[in-house]
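Okay, here's what each chain looks like letter by letter:
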Amino acid sequence: MNARLDSAYRAQALESLGENEIDVLVIGGGVVGAGAALDAAARGLSVTLVEARDFAAGTSSRSSKLIHGGLRYLEQLDFWLVREALKERKLLLHKLAPHLVRPVSFLLPLQHRVWERAYIGAGVALYDTMGGARALPMHRHVTRTGALELGPALREDAMIGAIRYFDAQVDDARHTMTIARTAARHGATVLTRTKVTGLLRDGERVIGAQVTDLETGREYAVRARSVISATGVWTDEMNRMTGVDFPFHVRMSKGVHIMVPRERLDLDTGLAMRTEKSILFVIPWHQHWIIGTTDTDWELDKDHPSASHTDIRYILDHVNSILREPLTEDDIVGTYAGLRPLLAGAKDSDTTKLSREHAVAEPVPGLFVIAGGKYTTYRVMAADVVDAAVREFGTAVAPSVTEHLPLVGAVGYRELAASAPGLARRTGLPTATVEHLLGRYGSGIEDILTLIEADPELAQPIPGADVYIAAEAVYAATHEGALHLDDVLTRRTRISIEFRDRGLEAAAHIAKLIAGPLGWDEQTTEREITRYRERVRAELAANKAVTDEAANAARLVAVA
């Protein structure tokens, strides 16, 4: 089936919404919800996914963008979780999403002689051999001289040597959206800006949900044999909707990252440095470095968590402790904050020690809740909750097949990547542009090239965000389900955190590009631009606030 999520797809999906009972209704368009929709659809079930905002609008677009086992979980003796995550890392790298997931190396500086190299070295050796063994190069020990050759930006007295190891990274928002598109290709109905406002009941049993299209205000009653809640940090809201107490609760931990230009740090590898609470990463990200994260309790607004000045200083102070030339706040071109949904009991208090494992529960008949977990293990989480949701269907339901199911853009990617220079000559695009497109769309680059063939102007760089071309903005609206300017600037691209002006110059150009496909008039286009400008102002104000409460209040001035 077609994976083109354009306005016609949405209109048709809404028109048929609620007409017939479906097998599975999935609530939540983060990585686990999208994964559950794909898992169920690939088993031949009828599936609808509804998301109140945009795909990956919450936690799934605000991670460290790593596909990893979690080295620090070995210290917590959580071997099963690490092994499972490393198996998933191997699948994503080599089969499911090789166009979106790629290797990244890290240097782990050592401060103590003898015992630390032996202790951490043993852990990294275990990390290399568990689960996805040989999926990436093995770690190696390096001397202080060797570490400085890889990282001239590092202070000589900040380490006695280092260990270099490999993990993987992904654009989390693009990956989540691509899972949703793959689900649509397999017959699922996937809808954003559709909010669940209540549950449909037959006695105690949940038999569907009341859904409101936030674009029009129209309401729908969607009946389903099973309902899956994959709502992450909003899990407790679903709890209140049922009227019963869940067997678990979710606590929120805020993780903040900053973005600095690539040329600002003279490094040939990423960094992973131990802090008093966890690990702080310096992660190569195209023309930038992502530096983070924090891990602090959060009890304020779930939709728009904010990075405060205190969070930013914490990151800078820690990374500067090993740099020859300290970073300053003036070096920062972007920030973002996300909330981790952590399983918690009544007495849990320290978010750094809460479990990253996941749980599935059926608090009331017909409603299946999945919570906790790590981004990397989304596919396992999705399979587990679908297994539970279909257990009582009465007819044989196929087991999960997503372990063997490449995402949209994966098939044919390697062949195209190997011939990128030839593709550049054929299309007239710079080789760097072709490689950029392949790394974002895989074999879906052919759709981008079709747009350019119809309108050669779409090959031009976007003013104010020149690493992207105009066709990418159009494609976001015609194929990737973007409905608003913020969807394009923040999640289909990463312009909002990759450019010092947070995308303000690019905003007007992109709005005009997507106005046609989305059916906007001039007034709507201006309203979208204004809303985005207000959001940027609010986020910058939040970054100057000292406390979480003040940052939260500043951010909520603009709710978009």
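Here the residue index of a chain counts from 1 through its sequence in written order. Only residues with pLDDT of 70 or above have their local features reported here, since the model is predicted, and side-chain atom pairs are shown and tallied only from 80 upward, although totals for entire chains, interfaces and linings are computed over all residues. The basis for the side-chain values is all heavy atoms of the structure; hydrogens and waters are excluded.

Labelled according to an unreviewed UniProt entry, the chain appears under the name Glycerol-3-phosphate dehydrogenase, originating from Nocardia pseudobrasiliensis. UniProt positions are given in the numbering used here, feature names are shortened, and annotations may be inferred rather than shown by experiment. Recorded in UniProt for the chain, the comment headed Sequence similarities (unreviewed entry) runs: "Belongs to the FAD-dependent glycerol-3-phosphate dehydrogenase family."

### A closer look at the overall build of the chain
Counting its regular elements, the chain contains 20 helices and 20 strands. The criterion used for residue contact is that any of the two residues' heavy atoms lie within 4.5 Å. Looking at the chain alone, contacts between residues at least 24 apart form 72% of all its contacts between residues at least 6 apart. Total accessible area computed for the chain in this model is approximately 21,800 Å², and 51% of it derives from carbon and sulfur atoms. Only four residue types enter the charge count: Lys and Arg as positive, Asp and Glu as negative, with His and the chain ends excluded. The atom standing in for a charge is NZ when the residue is Lys, CZ when it is Arg, CG when it is Asp and CD when it is Glu. Averaging the coordinates of the 64 positive side-chain charges in the chain and doing the same for the 74 negative ones gives two points 3 Å apart. By the criteria applied, helices consist of DSSP H or I runs no shorter than four residues and strands consist of E runs no shorter than two, each listed in order from the N terminus. Surface accessibility in these figures is a Shrake-Rupley result with a 1.4 Å probe; residues are shielded only by whichever protein chains are displayed.

### A few points about the pairing of strand β16 (residues 334–344)
Relative accessibility under 20% of the residue-type maximum defines a buried residue, over 50% an exposed one, and the middle range a partly exposed one, all with a 1.4 Å probe and only protein chains included. A large share of β16 lies buried, amounting to eleven of its eleven residues. Neither face of β16 is open: one carries G334, Y336, G338, R340, L342 and A344, the other T335, A337, L339, P341 and L343, and all of them are buried. Any two strands between which DSSP finds at least two bridges are classified as paired. Where strand β11 (residues 249–261) and β16 come together, eleven bridges link them in antiparallel fashion. Within β16, the position partnered with G255 by the bridge is G338.

### Describing empty space enclosed by the protein
Think of a 1 Å grid over the protein atoms and nothing else: a 1.4 Å probe that fits but is trapped marks a cavity, an open set flanked by protein within 12 Å on at least five of seven lines marks a pocket, and residues with an atom within 4 Å of a point count as lining. Grid points are joined across faces, edges and corners, and a volume is the space filled by probe spheres set on the points. The tally for this structure, following the rule as stated, stands at four cavities of 30 Å³ or more. Empty space within the largest cavity amounts to approximately 110 Å³. Along its surface, the largest cavity is lined by 14 residues, and L5, D6, R10, G481 and L483 are the ones closest to its centre. Among the elements of the structure, α1 (7–16) and β7 (189–191) are those that each provide at least two residues to the lining of the largest cavity. Amino acid classes used here: Ala, Val, Leu, Ile, Met, Phe, Trp, Tyr, Cys and Pro are nonpolar; Asp, Glu, Lys and Arg are charged; the rest, including Gly, are polar. When the residues that make up the lining of the largest cavity are grouped by side-chain class, the tally is nine nonpolar, three polar and two charged. The calculated volume of the second largest cavity comes to roughly 60 Å³.

### Some words on unusual backbone geometry
Backbone geometry at A56 places phi at a positive 65 degrees, although glycine is not the residue there. The phi angle at R193 is positive, at roughly 55 degrees, despite the residue not being glycine. The topology assignment puts R193 in the loop between β7 and β8 (194–202).

### Quick word on the packing of helix α16 (residues 485–492) against helix α18 (residues 504–518)
Axis definition: a line fitted to C-alpha atoms, limited for helices to the stretch in contact. Angles are taken between N-to-C directions and run from 0 to 180 degrees. At a closest axis distance of 9 Å, the pairing of α16 and α18 adopts a crossing angle of 115 degrees. Crossing hand, α16 versus α18: right-handed. Facing α16, whose interface residues are L485, V488 and L489, α18 presents A506, A507, I510, A511 and I514. Of the residues in the contact of α16 with α18, the class split is eight nonpolar, no polar and no charged. Left-handed is the label given to a crossing in which the near helix is rotated counterclockwise from the far helix by less than a right angle, and right-handed is the label when the rotation is clockwise.

### Section: the pairing of strand β20 (residues 465–469)
Bridging between strand β19 (residues 461–462) and β20 involves two bridges; their strand directions are antiparallel. If you follow I462 over to β20, its bridge partner there is A465. Taken together, β19 and the strand that follows it, β20, pair antiparallel across an intervening segment of two residues, in which G464 is found at a positive phi of about 90 degrees.

### A short note on the domain arrangement of the chain
Residue ranges labeled as domains rest on an automatic or database domain assignment. Looking at the assigned domains, one finds that the chain contains domain 1 (7–60 + 174–248 + 345–404), domain 2 (96–169 + 251–341) and domain 3 (455–557). With centres defined by C-alpha atoms, the gap from domain 1 to domain 3 works out at 28 Å. In this complex, domain 1 contributes twelve residues to the contact, which on the side of domain 3 involves ten residues. Summed over both partners, the accessible area (1.4 Å probe) lost when two parts come together is defined as the buried area. In total, about 1,000 Å² of surface goes out of reach between domain 1 and domain 3, with carbon and sulfur atoms giving 38% of it. Contact with domain 3 buries area across many residues of domain 1, yet D54, R174 and R181 alone supply 43% of it, more than any other trio. By definition, a salt bridge exists where a carboxyl oxygen of Asp or Glu is found within 4 Å of a side-chain nitrogen of Lys or Arg. One can count four salt bridges joining domain 1 with domain 3. Between R492 and D54 there is a salt bridge, and its shortest N-O distance comes to 2.8 Å. We call two N or O atoms a polar contact when they sit within 3.5 Å, provided that within protein one can donate a hydrogen and the other can accept it, with sequence-adjacent residues counted only if both atoms are side-chain atoms. Here domain 1 and domain 3 share eight residue pairs in polar contact (both at pLDDT 80 or more) between them.

### Quick notes on the environment of A382
With respect to the helices and strands, A382 occurs in helix α10 (residues 378–389). Take A382: its relative accessible area is 1%, and that puts it in the buried class. Each C-alpha atom, one on A382 and one on G44, is 15 Å from the other, the two residues being 338 residues apart in sequence. Not counting chain neighbours up to four residues away, the residues in contact with A382 comprise V32, G35, A36 and D39.

### Digging into the layout of surface pockets
Looking at the second largest pocket, its volume works out to about 510 Å³. Lining the second largest pocket are 24 residues; nearest its centre among them are H286, E435, H436, G439 and R440. Going through the elements one at a time, β6 (161–170), α11 (413–418), α13 (431–441) and β20 are the ones with two or more residues in the lining of the second largest pocket. The dominant element in the lining of the second largest pocket, judged by the number of residues it contributes, is α13, at seven residues. Looking at the lining of the second largest pocket, its residues break down into ten nonpolar, seven polar and seven charged.

### Comments concerning the nonpolar core
Note on soluble globular proteins: their nonpolar side chains tend to be buried together. With 79 residues, the main nonpolar core has L25, V47, V101 and V190 as its most contacted residues. Among the elements that take part in this core, helix α2 (residues 31–42) stands out by supplying eight residues, more than any other. Looking at this core, you find at least three residues from each of domain 1 (7–60 + 174–248 + 345–404) and domain 2 (96–169 + 251–341). Setting aside residues up to four positions removed in sequence, V190 forms contacts with L5, Y9, L49, F55, A180, A183 and A184. What makes a nonpolar core is a set of buried Ala, Val, Leu, Ile, Met, Phe, Trp, Tyr and Cys residues whose side-chain atoms join them at distances within 4.5 Å. The next biggest cluster of nonpolar side chains, apart from the first, holds 31 residues, and it includes L107, L265, L271 and I322.

### Section: helix α7 (residues 172–185)
An ideal rise of 1.5 Å per residue puts 20 Å on 14 residues; α7 measures up with 20 Å between its terminal C-alpha atoms. When you tally the buried positions in α7, you get 13 out of 14 residues, the bulk of the element. A positive backbone phi angle near 105 degrees is found at G187, which sits one or two residues after α7. Here a helix's expected span is defined as the number of its residues, less one, multiplied by 1.5 Å.

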